[in-house]
Each structure stands twice: as structure tokens, then as C-alpha cells.
Amino acid sequence: MRLITAIILILTLAACNKPMENPELKDPIYSDLQTQVTAATAALEAEKKKLEGFEKDLITVVPQTGQIKYAKKRIYESQAAITRLEQEVEYLKLKVEQRKSTAQTSYKKAFAKKEDWPDPKEWASYQAEQKLRKAKRSWDVKERMKEAGVTIDTGLGSGEGAGASGGEAKSEH
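All values reported here derive from a predicted model rather than from experimental measurement. (Residues numbered from 1 in each chain as written. Predicted model: local features only at pLDDT ≥ 70, side-chain atom pairs only at ≥ 80, totals over all residues. Heavy atoms only, no water.)

Caption draft 1: Fine view of the nonpolar core. Counting 15 residues, the largest nonpolar core has Leu33, Leu44 and Val96 as the members making the most contacts within it. Broken down by secondary-structure element, the contributors of at least two residues to this core are helix H2 (28–60) and helix H3 (67–113). Counting residues per element, this core draws most heavily on H2, at eight residues. Residues contacting Leu44, with those up to four places away along its chain left out, are Ile82, Leu85, Glu86 and Val89. (Core = buried A, V, L, I, M, F, W, Y, C linked by side-chain atoms within 4.5 Å. Buried < 20%, exposed > 50% of the residue type's maximum accessible area, 1.4 Å probe, protein only. Helix = DSSP H or I, 4+ residues; strand = E, 2+ residues; numbered from the N terminus. Contact = heavy atoms within 4.5 Å.)

Caption draft 2: The packing of H2 against H3, seen in detail. Put simply, H2 and H3 touch, their axes get as near as 8 Å, and they point 160° apart. With respect to H3, the element H2 is oriented roughly antiparallel. Judged by the sense of rotation from one axis to the other, the crossing of H2 with H3 is left-handed. A class-by-class count of the residues in the contact of H2 with H3 yields 19 nonpolar, five polar and 11 charged. (Axes fitted to C-alpha atoms, helices over the stretch in contact; angles between N-to-C directions. Parallel < 35°, antiparallel > 145°, perpendicular 65-115°, else oblique. Left-handed = near helix turned anticlockwise from the far one by under 90°. Nonpolar A, V, L, I, M, F, W, Y, C, P; charged D, E, K, R; others polar.)

Caption draft 3: Quick look at the packing of aromatic side chains. Tallied over the full model, the rule gives three aromatic pairs. Judged by centre distance (5.3 Å) and plane angle (70°), the rings of Tyr107 and Trp117 are edge-to-face. With a gap of 10 residues between them, Tyr107 in helix H3 and Trp117 in the loop between H3 and helix H4 (120–134) connect regions that are remote in the sequence. On the basis of relative accessible area, Tyr107 is assigned to the buried category, the value being 9%. The class of Trp117 is buried, set by a relative accessible area of 11%. Here the aromatic cluster, defined as three or more aromatic residues joined through ring pairs, consists of Tyr107, Phe111 and Trp117. (Phe/Tyr/Trp six-rings, centres within 6.5 Å; stacked < 30°, edge-to-face > 60°.)

Caption draft 4: Inspection of the layout of surface pockets at higher detail. Approximately 470 Å³ is the volume found for the largest pocket. Considering the residues around the largest pocket, the lining is formed by 19 residues, among which Leu33, Gln36, Tyr91, Lys95 and Gln130 are closest to the centre. Those elements that place two or more of their residues in the lining of the largest pocket are H2, H3 and H4. Broken down by element, the lining of the largest pocket gets its largest block of residues, seven residues, from H3. Computed from the structure, the second largest pocket encloses a volume of approximately 160 Å³. Taken together, Lys136, Ser138, Trp139, Asp140, Glu143, Arg144 and Glu147 make up the lining of the second largest pocket. Taken together, the residues of the lining of the second largest pocket break down into one nonpolar, one polar and five charged. (1 Å grid on protein atoms, 1.4 Å probe; cavity = no way out; pocket = protein on both sides within 12 Å on 5 of 7 lines; lining within 4 Å. Points joined across faces, edges and corners; volume = space filled by probe spheres on them.)

Caption draft 5: Just the pattern of salt bridges, in detail. Tallied over the full model, the rule gives five salt bridges. A salt bridge links Asp27 to Arg99, with the shortest nitrogen-to-oxygen separation between them at 2.6 Å. With Asp27 in the loop between helix H1 (2–15) and H2 and Arg99 in helix H3, this residue pair connects regions lying 72 residues apart in the sequence. Each member of the pair, Asp27 as well as Arg99, carries the same accessibility label: buried. With a shortest N-O distance of 2.8 Å, Glu122 and Arg99 are connected by a salt bridge. One end of the pair, Glu122, is in helix H4; the other, Arg99, is in helix H3, with 23 residues separating them in the sequence. (Salt bridge = Lys/Arg side-chain N within 4 Å of Asp/Glu carboxyl O.)

If you want it as C-alpha cells, here you go:
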């Protein structure tokens, strides 16, 4: 009896080799894009609520005090942020649909070739790209030196006096 059960179990597991219907649900890039859509939608709704508050503030502003200028400025900036967020949400939705079709196509190719899917190299590349997109775009020399572990000895603390020329860069590694 055990032998028959084992044979049936092995045949069932071996015969279940058909492609997934929704491979994009297993794709980490697709799921990351969906979380970005959710976050952008939440930010859009929050900005719309802020705009409502700014519009109420504009109504209650005391005339001829200069506050109306700042209230209108906040409304204008909020409307600009809403426009930008709406565009971002639409862009991300399009990216999700594009990724869905890309994932289905690449899964079918990988399934036909009996390769691993999703490709870990593609995920690593995507993560590196996202890191660069979200990176700070301003250049701060002191911040970069801290990250690199480099310090500058100005020579002021060593008794040479304030007139000494700049010191050399030293690494703390």
C-alpha cells in the first residue's frame, strides 16, 4: 500500500510542471512598483487634504495684513505638488502594466528553457538603479569625507599656530 501511495505521489509531483498563470505576482520588481504606486497615491491624497486646509485658511485670512500673499503661495505650491503627484501615480501605473507584460514574457521564456525565474541579476540591477534615483543630488564635501572615513588635520591643535598651511588628508582605516 505504501509503495502504491509513493508512486502516485511521485507521479503527481512530476506531472505538475505547467507554467504559472500570474508569474508577475512572484516578480519582486512588479511588487516593488506596486508598493510605489500605493505610496504615491497615499501622498497624493495627503496633499489634497493639505490643499483643502490651505483653502480654508485663505478664507479666514485677515485682509490687508500680508497673510493673503502667503496663503495664496501655499495654495499654489500645493496645487503644483498635486499635479506632480498625479503625474507620478500615472507614470507608476504605466510602469506596473509594462512590468506585468515583461514579467509574463520573460517567465514564459525562462519556463521554456527551464531556467530560474525571476533573474536575481535583474533584481540587483533594479535595486542599484532605485538607489541611484533616490540618492541625494547635492554635493557635500564634509558628508562625503565622513562616509569615506577621511579626516583633515589642520595642524591647529598640534601647537604649530594658526598660520600653518593646511594639513594632509589622513585615512582612519
